[in-house]
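One letter stands for each residue in the lines below.
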Amino acid sequence: MKRIRLTASMNAAVAVFLLVGALVFFGACSTSEAPKSNEVRINAAGATFPYPIYSKWFSVYREQHPNVAINYQAIGSGGGIRQLTSGTVDFGASDAPMTDQQLAEAKEKLGCDVLHFPTVLGGAVPTYNIPGVDATLKFTPDVLAGIYLGKVKKWNDPALTKQNPAVNLPNQDIVVVHRSDGSGTTFIWTDYLSKVSKEWETKVGRNTSVNWPVGLGGKGNQGVAGIVKQTPYSLGYVELIYAIQNSMPYGMLQNSAGHFIKADLASVTAAAAGAAANMPSDFRVSITNAPGADAYPISSFTWLLIPTRIQDPAKKDAIIGFLKWMMADGQKYDEALAYAQLPEAVVSKEMDQISKIQ
Amino acid sequence: MATIPFPEEKTTGPSFRKPQGPVKSFVRRLQTGDEIAHLITLAFAASIFLITLLLLYELWRHSALPRHRFGWAFFVTSTWDPVFENFGALPFVFGTLVTSAVSLMLALPLGVGAAIFLAELAPPRISAALSFVVELLAAIPSVILGLLGIFILVPFLREDVEPFLKATLGFLPFFQGPMYGIGMLAASMILTIMIIPFIITISREVLLAVPVDQREAALAVGATRWEATWKVVVPYAKSGIFGSVFLALARALGETMAVTMVIGNDPRISASLFAPGYTIAAVIANEFTEATGNLYLQSLIELGLVLFLVTIVINALARVLILVTTRQGTANP
């Protein structure tokens, strides 16, 4: 008898469990928000670096245009390009321009081209931890490449002391730190090193992750910053925004005009302006080591990737509307979030490109 | 279980078998639920097996490109170069095995020792309190342990532990080279902290489950308390303790976040524990999101397959070890 009671109560429990499960399931279905009749929902995915400004833009734009909801997933540039190519999002975002091969693949799968729209600018800065040294160090391109190639090993290497005569650099090994996760910051850092050092270009190259000749890897800006902070005599690189927001010390870099520039929003915008003169029509341009007396050499655009053909007319209008707003009104939110603004010349060229969306 | 007869069924058997309309027969079957319980639990058990198979199949399917390009060389190449698309798994397999092995070496004596104390020697009140603390330790998220690793463990290793090891054991290749604090040793120690709760908790339960007769018999023939514990109770619980070690090892092989924060993420093979290294789980977590290019992406997926295989091989080896040692145990009473 006891056994039967037990199974009976067990059955009751199972039945209740199933019933509750069913209720939850159907309940969830019926309460899920029915989209408003005129609401346009747009899905986007991509780079993490511009995520703070993008989410600000999308939320402000929604306040002003209540019928447009843009949902952005910061899954990384690589993921953004993949999702755009497979057609699972309406547009993508990336810190590195798409390669010719990626564009060809996207064209094959989507049946149309993909346009690059620069949105904001970022930079990467060298940060270091040398006990007893508070001065802002000056780095030449050769020294920076030498350090990351493992050739400049000591802080008192003549190449470093020559540019920093007033600083008493110690006879200590340089502990090199880099990003371990794939990132747009690594892309522009290695893109810059490839431009200033032939050896770097042939041995290591440029990518979101590379085969580093030397160094420790930290995960994310905070990982690199953590290792640099914790390790005496170390040198790493972080995003300019991260360095500004965490008031980290960082060094000056010699630009292509020979001036030593300390990165800030103005010098990054100057790099974009310097590159705007011979900007290719598809905006796929690297602005590292850009010309211009005030240009900071490790700067980069970040891009929205928008297909030229958008089937749904409501979505098309919404995306075009957003792009126009972003270039006119949206840019004024940049400074507060420590992003560098697009130069005027680039904005007017982008406005022309909008007409290519059909 | 499905065949246990019910008393009612015997007395009123035939009338029960008669169909009495679909609803009633459903209710009847529900009430005598063994059949249903059997099917449901079978389905649950089968789903585990299916999920594993599906996982293996998907990993295999999505890693076709590097499998064809690199073949078996993938296992013995130590270059990982996303720019020139040349990929090999060796440094990651090495890092995964070394950090897991070192952490197990540290955690096994500590964990089993603590479990013996908690189960056999400590007063019940202290045992309960300490066990609660151990379970709390198991609940700490790995990212928190990673942060503690960067800010507390790593400086401690760099300033004190590594110079000491270098001074005393520096003649061994394991304790040479520059001391960053960050590296394989730091990763192994974080892993030790993460897996000890598994070993302690499970080993303690297993030791507590050893029948009192075993202890009493040992004491009755003149064994001291420690002899009874070490020579009778622990061997009796051996296979359960091994089980705890498996679980710990599985955790150590797959741990990602805490390891990647302190290991230095450098795919190079070095004998020194001071040197930075890399593990399979860490590189996948680091590079997957930004991996463009099919060969690169699929090589990362193939690394997942390699981790799967490494886990299977290690588990198989450990099972053989258990078989061998327990057979010895019964042969020599």
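Note that the coordinates shown come from a computational prediction; the quantities given were computed from them, not determined experimentally.

Residue and element names in this part refer to chain A. Evaluation of the coordinates by the stated rule reveals 32 aromatic pairs over all chains. Between Tyr54 and Phe58 the ring centres are 6.1 Å apart and the planes differ by 45 degrees, which places this aromatic pair in the tilted class. Of this pair, Tyr54 and Phe58 both sit in helix H2 (residues 51-64), 4 residues apart, roughly one helical turn. Classification of Tyr54 as buried rests on a relative accessible area of 1%. Residue Phe58 is classed as buried on the basis of its relative accessible area, which comes to 7%.

This brings us to the sheet that holds strand S8 (residues 234-239) of chain A. All names here are of chain A. With mixed pairing, 8 strands are arranged side by side in an open sheet as S2-S1-S3-S11-S4-S8-S6-S7. With partners counted over all chains shown, the strands left at the sheet margins are strand S2 (68-73) and strand S7 (216-218), one partner each. Between one strand axis and the next, the sheet turns by 25 degrees as a mean value, whatever way the strands run. As paired elements, strand S4 (residues 114-129) and S8 share 6 bridges and run antiparallel to each other. Note on S8: the bridge partner recorded for Pro126 is Tyr237.

All names here are of chain A. As a packed pair, H2 and helix H12 (residues 313-328) sit with axes 11 Å apart at the nearest point and diverge in direction by 110 degrees. Overall, the two elements H2 and H12 adopt an arrangement that is roughly perpendicular. H2 and H12 meet at a crossing whose hand is right-handed. Contacts from Trp57, Phe58, Val60, Tyr61 and Gln64 in H2 reach Ala318, Gly321, Phe322, Trp325 and Met326 in H12.

What follows is about the pattern of salt bridges. For the coordinates displayed, the defined rule picks out 20 salt bridges over all chains. Across the pair Glu199 of chain A and Lys151 of chain A runs a salt bridge, and its minimum N-O distance is 2.6 Å. With Glu199 of chain A in helix H8 (residues 198-203) and Lys151 of chain A in the loop between helix H5 (141-149) and helix H6 (158-163), this residue pair connects regions lying 48 residues apart in the sequence. Classification of Lys151 of chain A as exposed rests on a relative accessible area of 51%. Of the charged contacts, one joins Glu120 of chain B and Arg215 of chain B as a salt bridge, the two residues approaching to 2.7 Å between their closest N and O atoms. Of this pair, Glu120 of chain B sits in helix H6 (residues 90-121) while Arg215 of chain B sits in helix H10 (residues 212-220), and the two are 95 residues apart along the sequence. For Glu120 of chain B, a relative accessible area of 9% translates into the label buried. A residue is classified by how much of its surface remains accessible, and Arg215 of chain B, at 17% relative accessible area, is buried. Salt bridges sharing partners connect three or more residues here, namely Asp191, Lys198, Glu201 and Arg206 of chain A.

Further remarks concern the pairing of S2 of chain A. Of the pairings in the sheet, the one linking strand S1 (residues 40-46) of chain A to S2 of chain A comprises 6 bridges and is parallel in character. By the bridge assignment, Asn43 of chain A is partnered in S2 of chain A with Asn71 of chain A.

Residues and elements named next belong to chain B. Nonpolar side chains collect at one region of the surface, where Phe117, Leu121, Ile126, Leu130, Trp226 and Trp230 lie side by side and expose about 570 Å² of accessible area between them. At the level of elements, H6, helix H7 (124-138) and helix H11 (225-236) are the ones that each hand at least two residues to the nonpolar patch. In this fold, Leu121 is placed in helix H6. For Leu121, a relative accessible area of 35% corresponds to the partly exposed category.

This brings us to the confidence of the model for chain B. All names here are of chain B. Looking at chain B, the pLDDT average stands at 86 and 90% of residues meet or exceed 70. In the model, residues 1-16 has pLDDT below 50 throughout and makes 15 contacts with residues more than four positions away in sequence or in other chains. Scored below 50 in pLDDT, residues 329-333 makes 0 contacts in the model with residues more than four places away or belonging to other chains. Both scores are available for the predicted complex, with the pTM at 0.81 and the ipTM at 0.78.

Residue and element names in this part refer to chain A. In space, the 3 strands of this open sheet follow the order S5-S9-S10, with mixed pairing throughout. Two strands in the sheet have a free side with no partner beyond their single neighbour: strand S5 (138-139) and strand S10 (260-261). Judged from the 2 bridges that link them, strand S9 (residues 252-254) and S10 form a sheet pairing that is antiparallel. If you follow Gln254 over to S10, its bridge partner there is Phe260.

Residues and elements named next belong to chain A. If you check H12, its first and last C-alpha atoms are 23 Å apart, about what 16 residues at 1.5 Å a residue would give, namely 22 Å. Every buried residue of H12 is accounted for by Ala318, Ile319, Ile320, Phe322, Leu323, Trp325, Met326 and Met327. Where H12 begins, one side-chain oxygen reaches toward the backbone nitrogen of Ala314, 3.0 Å away; that side chain belongs to Asp312.

Taken residue by residue, the interface counts 42 residues in chain B and 45 residues in chain A. Across the chain B to chain A interface the summed buried area is about 3,200 Å²; carbon plus sulfur atoms make up 53%. At the boundary of chain B with chain A, the tally comes to 0 salt bridges. Within the residue set of the side of chain B that touches chain A, elements represented by two or more residues are helix H1 (7-17), helix H2 (22-31), helix H3 (34-61), strand S1 (80-81), helix H8 (142-169), helix H13 (257-262), helix H14 (280-287) and helix H15 (294-331) of chain B.

Our focus in this paragraph is the pairing of strand S6 (residues 175-179) of chain A. Residue and element names in this part refer to chain A. Of all the 5 residues making up S6, 5 are buried; the element is thus mostly covered by neighbouring parts of the structure. In this sheet, S8 lies alongside S6 in parallel orientation, the contact comprising 2 bridges. In the sheet register, Val176 faces S8, and the bridge partner there is Leu235. Where S6 and S7 come together, 3 bridges link them in parallel fashion. Counted as the bridge partner of His178 is Gly217 from S7.

What follows concerns the packing of H6 of chain B against helix H12 (residues 238-254) of chain B. Residues and elements named next belong to chain B. Relative orientation of the contacting elements H6 and H12 amounts to 145 degrees, with a least axis distance of 10 Å. The way H6 lies across H12 gives a crossing that is right-handed. Along the contact surface, H6 presents Thr96, Ser100, Ser103, Leu104, Leu108 and Val112, while H12 presents Ile241, Val245, Ala248, Leu249, Ala252 and Leu253. Among the residues making up the contact of H6 with H12, the classes are represented as 9 nonpolar, 3 polar and no charged.

How each quantity is defined
- Residues numbered from 1 in each chain as written.
- Chains lettered and ligands numbered in written order.
- Predicted model: local features only at pLDDT ≥ 70, side-chain atom pairs only at ≥ 80, totals over all residues.
- Heavy atoms only, no water.
- Phe/Tyr/Trp six-rings, centres within 6.5 Å; stacked < 30°, edge-to-face > 60°.
- Helix = DSSP H or I, 4+ residues; strand = E, 2+ residues; numbered from the N terminus.
- Buried < 20%, exposed > 50% of the residue type's maximum accessible area, 1.4 Å probe, protein only.
- Pairing = 2+ DSSP bridges.
- Axes fitted to C-alpha atoms, helices over the stretch in contact; angles between N-to-C directions.
- Parallel < 35°, antiparallel > 145°, perpendicular 65-115°, else oblique.
- Left-handed = near helix turned anticlockwise from the far one by under 90°.
- Contact = heavy atoms within 4.5 Å.
- Salt bridge = Lys/Arg side-chain N within 4 Å of Asp/Glu carboxyl O.
- Patch = residues over 30% accessible without salt bridge, like charges linked within 9 Å, V, L, I, M, F, W, Y side chains within 5 Å.
- Areas by Shrake-Rupley, 256 points an atom, 1.4 Å probe, with all protein chains shown as cover.
- pLDDT = per-residue confidence, 0-100.
- Expected span 1.5 Å × (residues − 1).
- Polar contact = N/O pair within 3.5 Å; in protein donor to acceptor, adjacent residues only side chain to side chain.
- Buried area = accessible area lost by both parts, 1.4 Å probe.
- Nonpolar A, V, L, I, M, F, W, Y, C, P; charged D, E, K, R; others polar.

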